[in-house]
Amino acid sequence: MERSGWDLGRDDVEHLLHEAAAMRGESLWQDALRRLRRNRAAWSSLLFLALVAAVSLFAPALPLPSPVTLDLQLEPQPPVAPWSVWGSHGFEPDYWDLTAVDGLLVKARLAVFGDWQTGHWLGTDGKGRDILSRIVWGSRTSILVALAATLCSLLIGVTYGALSGLLGGRVDNLMMRVVDVLYSIPFIFLVIFLITLVNEYRTELEDRFGIDREVVFFIVIGAVYWLTMARVVRGQVLSLRNTEFVDAARVIGASTARILFVHLVPNVLSIVIVYLTLTIPAVMLFEAFLTFLGLGIEPPKVSWGLLAVDGSEMVNPVRIYWWLVVFPAAAMASTLLALNVLGDGLRDALDPKLRGKD
Amino acid sequence: MATPMLSVRDLSVRFDTPHGSVRAVDGVSFELHEGETLGLVGESGSGKSVTNLALLGLVPSPPGVVEAREVRFGERDLATLPPAELRRIRGNEIAMIFQDPMTSLNPLLTVGRQLTEVLEEHRGLSRSEARTLCARGLGDVGIPEPEARLDAWPHELSGGMRQRVMIAMALLCRPRVLIADEPTTALDVTIQAQILELLADLQERHGTAIVLITHDLGVVAGMADRVHVMYAGRLVEAARTDDLFGRPLHPYTEGLLASVPSFDGDPTQALASIPGQPPDLVDLPPGCAFAPRCPLASDACRARTPLLEEVTDPRSSRRRRSACLDALALAERHAGEASR
Amino acid sequence: MTRFLLRRLMWFAITLWVVVTVSFFLMRAVRGGPFDNDRALHESIERNIKARYHLDWHPFKQYLHYIGPLNLDEQGPEFLGGDGTRPFGGVLTGDFGPSFKYRDFTVNDIIGQSLPISVSLGVIALLWALALGLTVGIASALWRGTRIDVGLRLVATAGIAVPNFTIAGFLVIGFVFVLPLFPVAGYGTWRHLVLPGFALGGPFAAYIARLTRTGMLEVLSQDYIRTAHAKGLPPRTVLLRHAIKGGVLPVVSYLGPATAGILTGSLVIERIFAIPGTGSHFVNSALNRDYTLAMGVTILYTVLVYSLNTAVDFAYTLLDPRIDLEES
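Note that the coordinates shown come from a computational prediction; the quantities given were computed from them, not determined experimentally.

So, how was this worked out
Residues numbered from 1 in each chain as written. Chains lettered and ligands numbered in written order. Predicted model: local features only at pLDDT ≥ 70, side-chain atom pairs only at ≥ 80, totals over all residues. Heavy atoms only, no water. Helix = DSSP H or I, 4+ residues; strand = E, 2+ residues; numbered from the N terminus. Buried < 20%, exposed > 50% of the residue type's maximum accessible area, 1.4 Å probe, protein only. Contact = heavy atoms within 4.5 Å. Expected span 1.5 Å × (residues − 1). Bend = angle between axes of the 7 residues up to and from the residue. Pairing = 2+ DSSP bridges. Axes fitted to C-alpha atoms, helices over the stretch in contact; angles between N-to-C directions. Buried area = accessible area lost by both parts, 1.4 Å probe. Salt bridge = Lys/Arg side-chain N within 4 Å of Asp/Glu carboxyl O. Polar contact = N/O pair within 3.5 Å; in protein donor to acceptor, adjacent residues only side chain to side chain. Nonpolar A, V, L, I, M, F, W, Y, C, P; charged D, E, K, R; others polar. 1 Å grid on protein atoms, 1.4 Å probe; cavity = no way out; pocket = protein on both sides within 12 Å on 5 of 7 lines; lining within 4 Å. Points joined across faces, edges and corners; volume = space filled by probe spheres on them. Phe/Tyr/Trp six-rings, centres within 6.5 Å; stacked < 30°, edge-to-face > 60°. Parallel < 35°, antiparallel > 145°, perpendicular 65-115°, else oblique. Left-handed = near helix turned anticlockwise from the far one by under 90°. Core = buried A, V, L, I, M, F, W, Y, C linked by side-chain atoms within 4.5 Å.

**Student:** Give a description of the overall build of chain C that names residues and reports values.
**Tutor:** Along the backbone of chain C there are 12 helices and zero strands. Secondary structure elements in chain C, listed N-terminal to C-terminal, are α-α-α-α-α-α-α-α-α-α-α-α. With the C-alpha coordinates of chain C rotated into their principal frame, the extents come out at 85 × 55 × 30 Å. Sorting the 328 residues of chain C into buried and exposed places 51% on the buried side. Considering only contacts within chain C whose residues lie at least 6 apart along the sequence, 64% involve residues at least 24 apart.

Next up, the structure:
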C-alpha cells in the first residue's frame with residue numbers, strides 16, 4: 001500500500017507517543033538523586049550533615065554536661081577517653097533562655113538519664129565547661145545563623161536576580177551594573193561600620209521590637225551575600241528565557257505562569273541549591289570572623305566561631321591546650337568540608353550537560 | 001597491488017568505566033595505499049573516530065586501552081613505538097583535522113602561533129622562518145592576505161576560514177597521510193563543497209593519502225576510492241566506492257543507503273530508516289551486533305560474531321569483503337534486480 | 001579603552017559618593033558620639049572639643065566640609081569668611097580630617113604609618129597564595145583521580161573550611177612553640193611577616209588551587225588540546241603553551257575578590273599577631289566610634305579594591321582576546 005510520508009496512521013501516532021513516554025523516563029530530580037547516590041563522597045557528606053543536624057536539633061535531650069555551668073578551676077582539663085571515665089552524676093540543667101520545645105527536650109533528658117552526664121571526652125575549657133557539650137550546643141547557633149542568613153541572602157538575591165533577568169533590557173543593565181559596583185566595594189568594612197552603629201540601639205531594639213543581635217546579624221550577612229546569588233540567578237533566567245525549550249513551550253501555547261513554574265523555576269532551583277551549599281560555609285566563617293572581632297555571638301551563648309576564638313585565645317607558649325583549638329576547628333572543618341563536597345556533588349548531579357550519561 | 005603505506009591489524013580500543021568495559025573498537029583491520037582516499041562511514045558512536053585517534057596514540061588513557069597486533073607505517077610499527085617517537089610522526093607524517101573548527105583552534109593563541117609551532121617542532125625552524133612557510137601554507141588553502149591572517153585570533157575568522165587554517169596546519173609538514181575526521185560536518189553546505197574541493201585539489205598536488213571519516217554518504221561518494229563501513233566498533237563491509245553504492249553486501253550498508261534522501265526519489269514516499277537503536281557497547285550480546293535491527297537475521301547470526309570475510313561479487317567478479325553471513329544471498333538479489 | 005576607563009570612573013565616583021554620604025549621615029544620626037562613652041566630660045570641655053571637630057555645625061555644613069574641596073573653617077578661603085591660609089581640604093583633596101580618638105593625629109597620619117605595613121603583609125599573603133594555589137591546582141589536574149589529587153583536594157578543601165585565626169593558631173603552635181622558628185607577634189623584620197602572611201594567604205591558596213584545578217581540567221578536555229597533541233607537540237609544550245593560559249583565567253578574575261578578602265582577613269590577622277597595620281586600626285576605630293578614621297579606612301580600601309578590580313579586568317582582556325572591553 002502506498003502511503004504519503006506526511007499522513008501518519010493512528011497506529012503510528014500511538015506508537016510514537018508510546019516511544020516518547022518511554023524516552024522521557026525520569027524527571028530531573030529523580031535523575032539527580034540517582035546520580036548523587038552514586039557519588040559516594042557526596043552521599044556520605046549528605047548523611048553526615050543529616051547526622052550533624054539531628055544531633056544539634058536534639059542537643060537538649062542528649063546526656064551532655066551543661067554548656068554554660070562554670071567550674072572555676074585553674075586551667076583547662078585535657079580530654080578523658082570514654083573508656084576511662086564514661087560519665088558521672090550531678091548534672092544540673094543550666095542553660096540560657098530556651099524555647100518551649102527545647103524545654104520539653106530537657107525534660108525528656110531528665111526523665112531518661114536523670115542527673116547522669118557524659119565525662120569530659122573532649123576536655124574542658126579554662127572555665128571548666130565541657131568542650132563536647134559546647135561544640136554540640138554551639139552547632140545550634142552556628143547552623144541557625146547560617147541557615148537564616150543564607151535564607152535572607154536567598155530572598156534578596158533570587159528576587160533581585162529573577163527580576164533583573166525577566167525585565168531585561170535597560171532595567172536589567174542598570175540593576176546588574178549596581179551589583180557590579182557593590183561587588184567591588186570591600187563590603188565587610190561597611191558592615192562592621194553598620195553593626196557598630198546598630199549596636200548603639202541594641203537595648204531598644206531588644207526591648208521594643210524583640211530584635212536581638214543575632215537577627216541584626218542575619219540581616220546584615222544576608223545583605224552582603226545576596227550579590228552572587230543575584231548574578232547567578234539572573235544569568236540562569238536570562239539564558240533560559242532564550243532557550244529552545246522555552247520557545248517550544250510558548251509555541252505549543254503554554255501560559256506564562258506555566259513556563260515560569262514548570263520550566264524556569266526547576267532549572268533555576270537547581271543552581272540555587274548548589275549555591276546554597278556554598279553560601280552556608282561562607283556565612284559560618286563570617287560568623288567566626290565577626291565573633292573574633294567582638295561583633296558576633298556573645299557569651300553565654302556559644303557558637304563554633306566563639307569556640308574557635310576561645311581556642312585561639314588560649315594559644316600560649318607555656319602550655320599548649322591543643323584540644324581547645326583542634327576539636328572546635330575539626331567540628332567546623334568537617335561540616336564545611338561536607339557542605340562543599342555535597343555542593344560539588346549536587347552540581348555534577350544537576351548539571352544538565354551530564355544528564356543521562358554514565 | 002603495491003605494499004600499503006599504512007596497514008592496521010586487529011586494532012581494538014576499550015574504555016574501562018565504573019559501569020563496565022566499553023568496546024569502542026573491536027578487531028578492526030584495514031590498509032591505506034599511497035595517494036588514495038579511504039572513506040570510513042558509520043553512525044556516531046560506531047568507533048570510526050576512535051579508530052583513528054588510536055592509530056596516533058591520542059586515545060586518553062585512562063580510561064582508554066588500545067590493543068593492536070600491528071599498525072605498520074612504512075618500516076615502523078606504531079603500536080609498539082615509544083610515545084616520544086610516535087609524537088614525531090604526529091602532525092609530521094600523519095596529520096589530522098577535526099570536525100569542529102570552532103573548538104579545534106586554541107582561542108587564546110594567534111593563528112600564526114598555532115601554525116608556526118608545528119614547523120618549529122618538526123622541522124626545527126626559527127619562528128620567523130616558519131612564518132614565511134606558514135603564510136605560504138595559508139595561501140595554498142585559499143586564504144586571502146595570508147600574511148595578515150597570521151596575526152588574527154581564531155574568533156575573528158569564519159567557520160570555513162578556520163577549517164582552512166586547520167587544513168593548512170595539517171599539511172605544513174607535507175604529511176603522507178591525512179586523517180580528516182568529519183571535516184565538513186560543522187560547516188554550511190556551500191562551504192562544505194569548497195572544503196571538499198580543496199582537499200581533493202591538495203591531494204592531487206601533494207599525493208597525500210586521505211582517510212575520510214564521515215557519516216555523510218554523499219561526501220564519501222564524491223571523494224573516496226574505497227569505503228569501509230563500521231557498526232558497533234567493527235568493520236562490517238569494505239569495498240570500492242562504486243561497488244558499495246551499487247551493490248551493498250551488508251544489510252546495514254543497505255539500510256544506510258536507503259536512508260539517504262535523493263532528488264529523484266518520490267517526494268510522497270516516507271524516507272526509509274533503520275528501525276531500533278545502535279546497541280549499547282557495554283554489554284554487547286554475542287553474534288552479529290546488527291542482528292536485532294536486521295531484516296535478514298537468522299539464529300546463525302545471533303549465535304556467533306561474523307567476521308569480515310571475502311566474498312566474490314557474482315556480477316563484477318570482484319572480490320569484496322563483508323561481515324554478513326548472507327552476503328552472497330544479498331549479492332545474488334542485486335544481480336537479480338539488475339537483470340530484471 | 002578610554003571609554004571603558006571613563007565609564008568605570010563614573011560608576012566609581014557614584015558609588016563612593018553614596019558610601020560616603022550614607023555613612024556620614026548615619027554616623028551623625030546615631031546617638032552617642034566618640035567623646036561621651038567613657039566618662040562624663042565637663043560641659044565646657046565638651047563644648048571645646050565639639051567646636052574643634054566642628055560637631056557644633058549644622059550636619060550639612062559638616063558634610064560639605066568633610067567632602068571638600070573647599071575648606072569651610074576659619075582657615076578657609078576669604079570669600080567664605082576664612083583667613084585664606086588653607087583654602088582647600090576634605091576627602092576630595094585626599095584629606096580625611098583629624099582622628100576623633102588619637103587626638104594629636106590626623107587620619108592621614110595614621111594611614112600613612114600603617115598602610116605600608118598592611119600592604120606588605122597583603123602582598124606576601126597574595127603572592128604565597130598564588131604560588132601555592134597554582135602549583136597545587138595544576139598538579140592536582142595533571143594527576144587527576146590519583147591519590148595525590150585526592151590528598152591535595154582534601155587539604156585544599158580543609159583550608160577553605162577553617163577560619164584564618166584557627167590556621168594562625170596551628171601555625172603559632174607549630175612554628176613558634178614546638179619549632180621556635182619565628183617570633184610569635186609584633187612587627188619589625190621579615191620574619192615577623194612569615195606566619196601572618198601564611199595564615200592570611202592560606203584560605204586563598206586553597207581556593208586558587210580549586211579554581212586552577214577546575215580550570216585546567218576544563219581546558220584539558222577541550223578540542224584544541226587534542227589538536228595540539230595531534231600536531232605532535234611534546235606534552236610539556238601542550239601544557240605550558242596551550243593549557244595553562246586558559247586554565248588560570250578563572251584565577252585572574254578571582255584576584256579582585258581575593259584582594260578584597262585579604263584586606264578583610266587582615267583585620268583578624270593583624271590583631272592576632274599584633275601587627276600595627278591599617279586593619280587593626282580600622283577595627284579599633286569602629287569599636288571606639290572613631291568615625292573619621294573608620295570612614296577614612298573604608299574609603300581608602302574601597303578605592304584600593306576598585307582600582308585593583310579595574311586593573312584585573314584590564315589584564316583579563318590582555319589574556320583573552322575574545323573579551324572586548326568596549327562591549328563588556
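From this point, the discussion proceeds with the structure in view.
**Student:** Break down helix 10 (residues 249-272) of chain C for me, citing the residues and quoting the values.
**Tutor:** Residue and element names in this part refer to chain C. Given a rise of 1.5 Å per residue, 24 residues ought to cover 34 Å, and the 34 Å separating the end C-alpha atoms of helix 10 matches this to within 8%. Leu255 marks where helix 10 bends most, by close to 40°; the proline Pro257 follows one to four residues later. Looking one or two residues past helix 10, Ala274 carries a phi angle of roughly 50°, positive in sign.

**Student:** Before we move on, can you summarise the sheet that holds strand 12 (residues 309-312) of chain B with the specific residues and values?
**Tutor:** Residues and elements named next belong to chain B. Taken in spatial order, the eight strands line up as 7-8-9-3-10-11-13-12 in an open sheet, and their pairing is mixed. Of all strands in the sheet, those with a lone pairing partner are strand 7 (94-97) and strand 12, marking the two edges. For this sheet the average axis-to-axis angle between neighbouring strands, irrespective of direction, equals 20°.

**Student:** Please provide a residue-by-residue account of the interface of chain C and chain B, values included.
**Tutor:** Contacts between chain C and chain B engage 20 residues on the former and 25 residues on the latter. Taken together, both faces of the contact between chain C and chain B bury some 2,100 Å²; the carbon and sulfur share is 60%. In this assembly, chain C and chain B are joined by two salt bridges. When the shortest N-O distance is used, the salt bridge between Arg241 of chain C and Glu117 of chain B registers 2.5 Å. Remark: the boundary between chain C and chain B carries 13 residue pairs in polar contact (both at pLDDT 80 or more). Of all the elements in the fold, those that place two or more residues in the side of chain C that touches chain B are helix 8 (223-230) and helix 9 (235-247) of chain C. The dominant element in the side of chain C that touches chain B, judged by the number of residues it contributes, is helix 8 of chain C, at six residues. The residue inventory of the side of chain C that touches chain B, partitioned by class, reads eight nonpolar, five polar and seven charged.

**Student:** So what's going on with the layout of surface pockets? Which residues, and what values?
**Tutor:** Residues and elements named next belong to chain A. In this model, the second largest pocket occupies a volume close to 840 Å³. Along its surface, the second largest pocket is lined by 28 residues, and Trp96, Thr141, Leu144, Glu214 and Lys301 are the ones closest to its centre. Listed by contribution, the elements that provide at least two residues to the lining of the second largest pocket are helix 3 (40-57), helix 4 (100-113), helix 5 (131-167), helix 8 (202-209) and helix 9 (213-241). Of all the elements, helix 5 adds the most residues to the lining of the second largest pocket, at six residues.

**Student:** Break down the packing of aromatic side chains for me, citing the residues and quoting the values.
**Tutor:** Residues and elements named next belong to chain C. For the coordinates displayed, the defined rule picks out 16 aromatic pairs over all chains. Ring centres 5.5 Å apart and planes at 35° place the aromatic pair Phe24 and Tyr66 in the tilted group. Taken as a pair, Phe24 in helix 1 (residues 2-29) and Tyr66 in helix 3 (residues 59-67) lie far apart in primary sequence, 42 residues in all. Residue class for Tyr66 comes out buried when judged on its relative accessible area of 8%. Ring geometry for Phe25 against Tyr63: centres 4.9 Å apart, planes inclined by 40°, an arrangement best described as tilted.

**Student:** An account of the environment of Ser312 of chain A is needed here, citing residue identities and associated values.
**Tutor:** Tracing the backbone shows Ser312 of chain A in helix 12 (residues 304-313). Using a relative accessible area of 16% as the deciding quantity, one classes Ser312 of chain A as buried. Sequence-wise, Ser312 of chain A and Leu324 of chain A are 12 residues apart; in three dimensions their C-alpha atoms are separated by 7.8 Å. Not counting the four nearest positions on each side in its chain, Ser312 of chain A is found in contact with Phe292 of chain A together with Phe165 of chain C. There is a polar contact of 3.0 Å between the side chain of Ser312 of chain A and the backbone oxygen of Val309 of chain A.

**Student:** Lay out the packing of helix 6 (residues 164-178) of chain C against helix 10 of chain C with the relevant residues and their values.
**Tutor:** Residue and element names in this part refer to chain C. Between helix 6 and helix 10, the shortest axis-to-axis distance is 9 Å and the interhelical angle comes to 30°. On the basis of their axis angle, the class for helix 6 and helix 10 is roughly parallel. Read as a crossing pair, helix 6 and helix 10 show a hand that is right-handed. Residue-level inspection shows Asn164, Phe165 and Ala168 of helix 6 in contact with helix 10, the latter providing Gly265, Val268, Ile269 and Ile272. A breakdown of the residues in the contact of helix 6 with helix 10 according to their chemical character gives five nonpolar, two polar and no charged.

**Student:** Describe the interface of chain A and chain C, listing the residues and the values that go with them.
**Tutor:** The figure often quoted for interface size is the accessible area lost as the parts come together. Of the residues lining the interface, 40 residues belong to chain A; the matching set on chain C comes to 48 residues. Surface buried jointly by chain A and chain C totals about 4,000 Å² across both partners, of which 78% is contributed by carbon and sulfur atoms. Joining chain A to chain C, the criterion identifies zero salt bridges. Between chain A and chain C we count one residue pair in polar contact (both at pLDDT 80 or more) in total. Looking at the side of chain A that touches chain C element by element, the count peaks at nine residues for helix 13 (residues 322-350) of chain A.

**Student:** Talk me through the pairing of strand 7 of chain B; I want residue IDs and the actual numbers.
**Tutor:** Residue and element names in this part refer to chain B. By the alternation rule, side chains of strand 7 split into Ile94 and Met96 and Ala95 and Ile97, which are all buried. Summarising the sheet, strand 7 and strand 8 (residues 177-181) pair through four bridges and their orientation is parallel. Among the inter-strand pairings, Ile97 is bridged to a residue of strand 8, identified as Ala180.

**Student:** An account of the pattern of salt bridges is needed here, citing residue identities and associated values.
**Tutor:** Counted according to the given criterion, the structure contains 27 salt bridges over all chains. Here Arg234 of chain A and Asp172 of chain A are joined by a salt bridge, their closest N and O atoms 2.7 Å apart. With a gap of 62 residues between them, Arg234 of chain A in helix 9 and Asp172 of chain A in helix 6 (residues 169-183) connect regions that are remote in the sequence. Close ionic contact of Arg131 of chain B with Asp151 of chain B constitutes a salt bridge, the shortest N to O distance being 3.4 Å. Taken together, the residues span a long stretch of sequence, with Arg131 of chain B in helix 5 (residues 127-140) and Asp151 of chain B in the loop between helix 6 (146-149) and helix 7 (159-171) at a distance of 20 residues. Residue classification places Arg131 of chain B among the partly exposed positions, given a relative accessible area of 29%. Connected through shared salt-bridge partners, Arg14, Asp16 and Glu67 of chain B make up one network.

**Student:** Give a detailed account of helix 1 (residues 48-55) of chain B, specifying residues and quantitative values.
**Tutor:** All names here are of chain B. In terms of residue burial, helix 1 counts as a mostly covered element, since seven of its eight residues are buried. Of all the positions in helix 1, only Lys48, Val50, Thr51, Asn52, Leu53, Ala54 and Leu55 are classed as buried. Of the residues flanking the end of helix 1, it is Gly57, one or two places downstream, whose phi is positive at about 70°.

**Student:** Hey, could you go over the side chain of Ser114 of chain C for me, with residue numbers and the actual values?
**Tutor:** Relative to the elements of secondary structure, Ser114 of chain C occurs in helix 4 (residues 107-142). For Ser114 of chain C, a relative accessible area of 1% gives the class buried.

**Student:** Mind laying out unusual backbone geometry, listing which residues take part and the relevant values?
**Tutor:** Positive phi, normally seen in glycine, also occurs at Arg174 of chain B, with a value near 50°. Position of Arg174 of chain B among the secondary structure elements: in the loop between helix 7 and strand 8. Of note, the phi angle at Ala274 of chain C is positive, near 50°, even though the residue is not glycine. Tracing the backbone through its elements, the reader meets Ala274 of chain C in the loop between helix 10 and helix 11 (278-288).

**Student:** Which residues make up the nonpolar core, and what values go with them?
**Tutor:** Grouped together as the largest cluster of nonpolar side chains are 127 residues, with contacts concentrated most on Ile192, Phe289, Leu290, Leu293 and Trp304 of chain A together with Tyr66 of chain C. By residue number, the principal contributor to this core is helix 13 of chain A, which donates 12 residues. The next biggest cluster of nonpolar side chains, apart from the first, holds 97 residues, and it includes Leu81, Leu105, Val177 and Val229 of chain B.

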